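Survey of secondary and tertiary structure
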Amino acid sequence: MNNQEEKSILQKEVSRRDVLKIAGIGGAGVILGASGLTGALTAFGANPFIDDDQTAANKVKFYGKHQPGILTKSPEHVYFVSLNCTAKSKKELKEMFQLWTNYSVRLMNGQVVEPYTENKLLPAGDTGEATGLDASHLTLTFGVGPSLFEKKELGLQHMKPKELADLPHFPKDQLDPNYVGGDICIQACADDPQVAFHAVRNLVRAARGKVTMRWSQTGFNSYEMKKKKKQTPRNLFAFKDGSGNPNVDDAKAMNEVVWVQPGESKSWLTGGTYLVARRIQMHLETWDRTALTEQEATFGRHRDSGAPLGKTGEFDDMELDRKENGQPVVPVTSHVHLAKQVKDRMLRRSFSYSDGINPNTGAFDAGLLFLSFQKHPKQFINIQNSFGRTDKLNEYITHRGSALFACFPGVKKGSYLGAELFS
Amino acid sequence: MNQIVRNVGFLLLSSSLLVGCGDNASQDTESQKASESTEQAQTNKLDKEVQSYKEFASDQLDQFVVETEAFVEAVKAGDVEKAKELYAPARMYFERSEPIAESFGDLDPRIDARLADVKEEGQGEEQWSGYHKIEKGLWEEGTTKGYEEVADQLLKDVKELRAKVETVEVTPDLMITGAVDLLNEVSTSKITGEEEIYSHTDLYDFKANVEGAEKIFEIFKPKLQEKDAQLVKTLEENFKTLNGLLAKHEDGKGGFVSFEKLTKEDTKALSEAVDHLGEPLSQMAIVVE
C-alpha cells in the first residue's frame, strides 16, 4: 500500500466495501477502531458534518423534508426496537440524537460508523458484521413515545402533543407487557436483515447508558415481480397486505393522511407523523384448517388475486354496497368491509414475523408486525374500533404488542434528529 | 498524521504475519522485532501502573491464603456454620485478582471449577476439587465429613497459586483485557446465578469482580485523565451506579443477600448497569496511546 492509499483510509469516510479492498492490499484484516466512543457522545461539535453519499450503491437519502423509511417503497426486512430512555438530562438526550444523526448518515451510506484508529487494544468502533455489504437500501426512522415526556429530568412535559397518549384498550386485545410501549423507537429497514440489525446494534451500542432495550421485533416481506415491478406483498395468511394503501407518490394524499401540517400539532412535529406498532399473533394452525371460501369471506378479498370479492383486479373498486341474492357480496363482518366503512385512512407498512415455537402450545409463534403511519393516532384508533368484536379475522389473530411513537420531521443538512424538540 | 499512517502500515504488516505468509521470512522477523520494540515502549511508559497492579494482586492473594487457611481449618474441625460464614468472603480475594489467577490454566480449575465445568471436560465428580466441591458439601449435604482431603488439597493449590504469581508477566494489555474480562465474567455467569449454585452467594463474587475492574481503572486514572477526562467522568459515574445497585442487596451484616432473593427486575437492572459500564471500560485502552 502506498502513502496515498494509507492517507485515503484515514481521511475519508470509509465504505464497508472499501474495508475489504484495503484488506486485500494489506494481505490480511485491517484494524478498525475508535478512540473514545463516549468522548464522541459529548463532543458532537467536534464531529464533522457527514453528507449523503449519492454515489453509494443501493442508497436511500437520509436528509430531507421527511424522515426516510416511511414513504420508502417495498421494504424487505425490518429490525424494530423500542427503547427506554435513561438519559439524565435533555442535554444528554440531545447529544445522543446528534451522534445518532451522524451514525445514521454513515450507515445509510454503507460506511463504517467510526473511522480507523491505530490502537489494536481497543475494540473496533464499528461492530463489523456488515463489512463488504453495501447500503442495501437501509432506512432509519426515529420516534418518541408518550412516556418520554413524563420524565421530569428531561423537562419536555410542555412539549407533549395532546394526542400522543397510550393507545386505548381495544376489544380482544391480549397485550403482553413484554411488547408494550417505549420512550424511543428505531425502525431499521433494509434489503438485507444483517444490515438492518447491524445498524440498530451500533446505534444502541453508542448510546449505552442513555438507553436500555425494551422490546424488539424483526420482520420480513417478499415481493412477487411482475413486469419488473414489485407487487403487493402477502402476509402469512397468504393474503395481499397493503392493496388499499394511499399512493405514496401523491404528495397531496400524503399531506392529508401521513404528514402533520403546520398548526395541526405541536410545531416540532410539523412534517413528522405518528407511528403505530402492533405485534399481532396469527394462529396459523386454525387458519390452515379453514375452508378457502371462509378465508376469503374473512378478509373480503380473493386470496390469490387480491381482488375484492366478486371482482377480478386487485385494485378494482371495493363497492361495499354490492348485493347478490339480497346479501352483501363483501360480508359486513369482513376485515376489509369494517376498515372501509370508516372514513379515516392510514399508510400501512407491515412485516411478517416468525419467532420459533410457542412453548405452551407447540404452535408456530408467527404473525404480523403491523406498522402504520398517520398524522393523528385517531385515524388508527377509529379503524381499530370499527373492527371491534365483529371482525371475522378476530378468530384467527390476537394483538399481543402495542406502542405509539411520534416520528420527527426530516433532518435538514447541518441539523440533527429532533432538533425542533430539543433546541 | 504521519505517526498514524506509519502505525497503520505497521499493523497491516504485523497482521499479515498472523495469517502466516511464511515465505518472506526476513520481513516477518523484521516486523516481529518492530512489534516487540513497540510493546516494550508501551510497557515502559506504564511501568508505575504495572507495578501498582502487581502489588495489588500479590496483596489480594496473600489474604486469599490467610482466609483459605481459616476456611480449611473450619472444614477440618467439622464446623459447618463457621465454614459457611467464611466461604464467600474468602473467595472475594480470588475473584478480585482473577485476571492474574486465571493465568495458570491448571490451578484455576483446581481451585474454582464448578461441577458443570468438570463434566463439560468429560470428567466425573471424582476429578472435581476446590471451593465449589466443599460448597456442595456445606450447603447441599450440610456436612464437612469426607471433605477433609479436598480441603487440604485446596490449601496446597492456593499456596501454589500465591507462589506462582510472582512469575506472571503483568502488562498493560493484561490489565486492560482483564478489567473487561472481569465484567464479562459477571455478565455471563454471576448475573445468572450459575457460579454459586448451592450457596447462592453469587453477589459476593459479583462485587469482587467489579472491585477488581475498578482497581485497574483507579490505577490508570491519572493517565486517562490526561487523555480523555470525559471518559474518566463516565467511568466514575457508571461504577457509582453499579455499586449503588449492588448496595441495595447488602444484608446489613457486611455481606449480601442470597441470589435467590433477587427478582427478575433486580437482575435485569444489574445486568444493564454492567453493560453500560463495560462499553466505556473497553475504551480504557487509549491509555497505551
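The name an unreviewed UniProt entry gives chain B is Ferrous iron transport periplasmic protein EfeO, with Bacillus badius as the organism. Word for word, the UniProt comment on chain B under Sequence similarities (unreviewed entry) is "Belongs to the EfeM/EfeO family."

In the nomenclature of an unreviewed UniProt entry, chain A is known as Deferrochelatase of Bacillus badius. Annotation of chain A in UniProt includes, under Subcellular location (unreviewed entry), the sentence "Cell envelope".

Turning our attention to the overall build of chain A. Secondary structure summary: chain A contains eleven helices and 13 strands in total. Of the contacts formed within chain A by residues at least 6 apart in sequence, a portion of 78% connects residues at least 24 apart. A total accessible area of about 18,000 Å² is found for chain A, and carbon and sulfur atoms account for 50% of it.

As a further point, take the overall build of chain B. Summing up its helical and strand segments, chain B has 13 helices and zero strands in all. Start at the N end of chain B and walk to the C end: the helices and strands fall as α-α-α-α-α-α-α-α-α-α-α-α-α. Looking at chain B residue by residue over its 289 residues, the buried ones come to 51%. Of the accessible surface of chain B, which amounts to about 13,600 Å², a share of 48% is contributed by carbon and sulfur atoms.

Residues and elements named next belong to chain B. At a minimum axis distance of 8 Å, the contact between helix α4 (residues 80–96) and helix α11 (residues 202–227) shows a crossing angle of 30°. In terms of their interaxial angle, α4 and α11 are classed as roughly parallel. In this structure, α4 meets α11 at a crossing whose hand is right-handed. Where α4 approaches α11, its residues A88, P89, R91, M92, E95 and R96 are matched on the opposing element by Y204, D205, K207, A208, N209, E211 and G212. Partitioning the contact of α4 with α11 into residue classes produces five nonpolar, two polar and six charged.

Using the residue numbers shown here, the UniProt feature "coiled-coil region" (unreviewed entry) corresponds to residues 144–171 of chain B. End-to-end, the C-alpha atoms of residues 144–171 of chain B are 41 Å apart, and along that stretch the chain is 64% helix and 0% strand.

Bringing the pairing of strand β2 (residues 139–144) of chain A into the picture now. Residue and element names in this part refer to chain A. For β2, the tally of buried residues reaches six of six residues, placing the bulk of the element in the interior. Every second residue of β2 is oriented toward a common face, with T139, T141 and G143 on one face and L140, F142 and V144 on the other, all of them buried. Two strands pair when backbone bridges link them, and β2 and strand β3 (residues 184–190) are joined in this way by six bridges, in the antiparallel orientation. Following the sheet pairing, G143 is matched in β3 by C185. As paired strands, β2 and strand β13 (residues 397–407) are joined by two bridges and run antiparallel to one another. Within β13, the position partnered with G143 by the bridge is C407.

With that settled, the discussion passes to the environment of A:S89. Residues and elements named next belong to chain A. On the secondary structure map, S89 appears in the loop between β1 (77–85) and α4 (90–108). In this structure the C-alpha to C-alpha distance between S89 and G155, which are 66 residues apart in sequence, comes to 7.9 Å. Beyond its immediate stretch of four places on either side in the chain, S89 contacts E153 and L154.

We now examine the pattern of salt bridges. Residues and elements named next belong to chain B. Across all of its chains, the model carries 46 salt bridges over all chains by this definition. Close ionic contact of E95 with R91 constitutes a salt bridge, the shortest N to O distance being 3.0 Å. With E95 and R91 both in helix α4 and four residues apart, the pair spans about one turn of that helix. For E95, a relative accessible area of 0% gives the class buried.

Here the focus is helix α12 (residues 229–247) of chain B. All names here are of chain B. In a regular helix each residue adds 1.5 Å, so 19 residues correspond to 27 Å; α12 covers 27 Å between its end C-alpha atoms and thus fits that length. Three or more residues of α12 are buried, namely L231, V232, T234, L235, N238, F239, L242, N243, L245 and L246. One side of α12 carries all its buried residues, which in axial view fall inside an arc of 160°.

Quick look at the packing of aromatic side chains now. Counted under the stated rule, the structure contains 30 aromatic pairs over all chains. A ring pair is formed by A:F239 and A:F299, whose centres lie 4.3 Å apart and whose planes are at 20°; its orientation type is stacked. One end of the pair, A:F239, is in the loop between β6 (229–230) and α6 (251–257); the other, A:F299, is in helix α8 (residues 292–299), and 60 residues separate them in sequence. Both residues of the pair, A:F239 and A:F299, belong to the buried class. A centroid spacing of 5.2 Å and a plane angle of 65° characterise the contact between B:Y87 and B:W139, whose relative ring orientation is edge-to-face. Separated by 52 residues along the polypeptide, B:Y87 in helix α4 and B:W139 in helix α8 (residues 131–141) bring together distant segments of the chain.

Looking at chain A, pLDDT values average 91 and 91% of them are 70 or higher. Low pLDDT (under 50) marks residues 6–11 of chain A, which in the prediction has 14 contacts with non-local residues, meaning those over four places away or in another chain.

This next bit is on the side chain of A:D391. All names here are of chain A. Positionally, D391 belongs in the loop between α10 (377–387) and β13. Among buried charged residues, D391 stands out as having no salt bridge; its nearest opposite-charge side chain is K392, 8.7 Å away. Every residue in contact with D391, bar those within four places of it in the chain, is listed here: T333, S334, H335 and L338.

Residues and elements named next belong to chain B. Their axes nearest at 10 Å, the elements helix α10 (residues 172–190) and helix α13 (residues 264–282) cross at an angle of 160°. When the axes of α10 and α13 are compared, the pair comes out roughly antiparallel. Pair α10 / α13 crosses with left-handed handedness. Across from A179, V180, L183, V186 and S187 in α10, the residues of α13 making contact are V274, D275, L277, G278, L281 and S282.

Conventions adopted
- Residues numbered from 1 in each chain as written.
- Chains lettered and ligands numbered in written order.
- Predicted model: local features only at pLDDT ≥ 70, side-chain atom pairs only at ≥ 80, totals over all residues.
- Heavy atoms only, no water.
- UniProt positions renumbered as here; feature names shortened; annotations may be inferred.
- Helix = DSSP H or I, 4+ residues; strand = E, 2+ residues; numbered from the N terminus.
- Contact = heavy atoms within 4.5 Å.
- Areas by Shrake-Rupley, 256 points an atom, 1.4 Å probe, with all protein chains shown as cover.
- Buried < 20%, exposed > 50% of the residue type's maximum accessible area, 1.4 Å probe, protein only.
- Axes fitted to C-alpha atoms, helices over the stretch in contact; angles between N-to-C directions.
- Parallel < 35°, antiparallel > 145°, perpendicular 65-115°, else oblique.
- Left-handed = near helix turned anticlockwise from the far one by under 90°.
- Nonpolar A, V, L, I, M, F, W, Y, C, P; charged D, E, K, R; others polar.
- Pairing = 2+ DSSP bridges.
- Salt bridge = Lys/Arg side-chain N within 4 Å of Asp/Glu carboxyl O.
- Expected span 1.5 Å × (residues − 1).
- Arc of directions from axis to C-beta.
- Phe/Tyr/Trp six-rings, centres within 6.5 Å; stacked < 30°, edge-to-face > 60°.
- pLDDT = per-residue confidence, 0-100.
- Lys, Arg positive; Asp, Glu negative; His and termini not counted.

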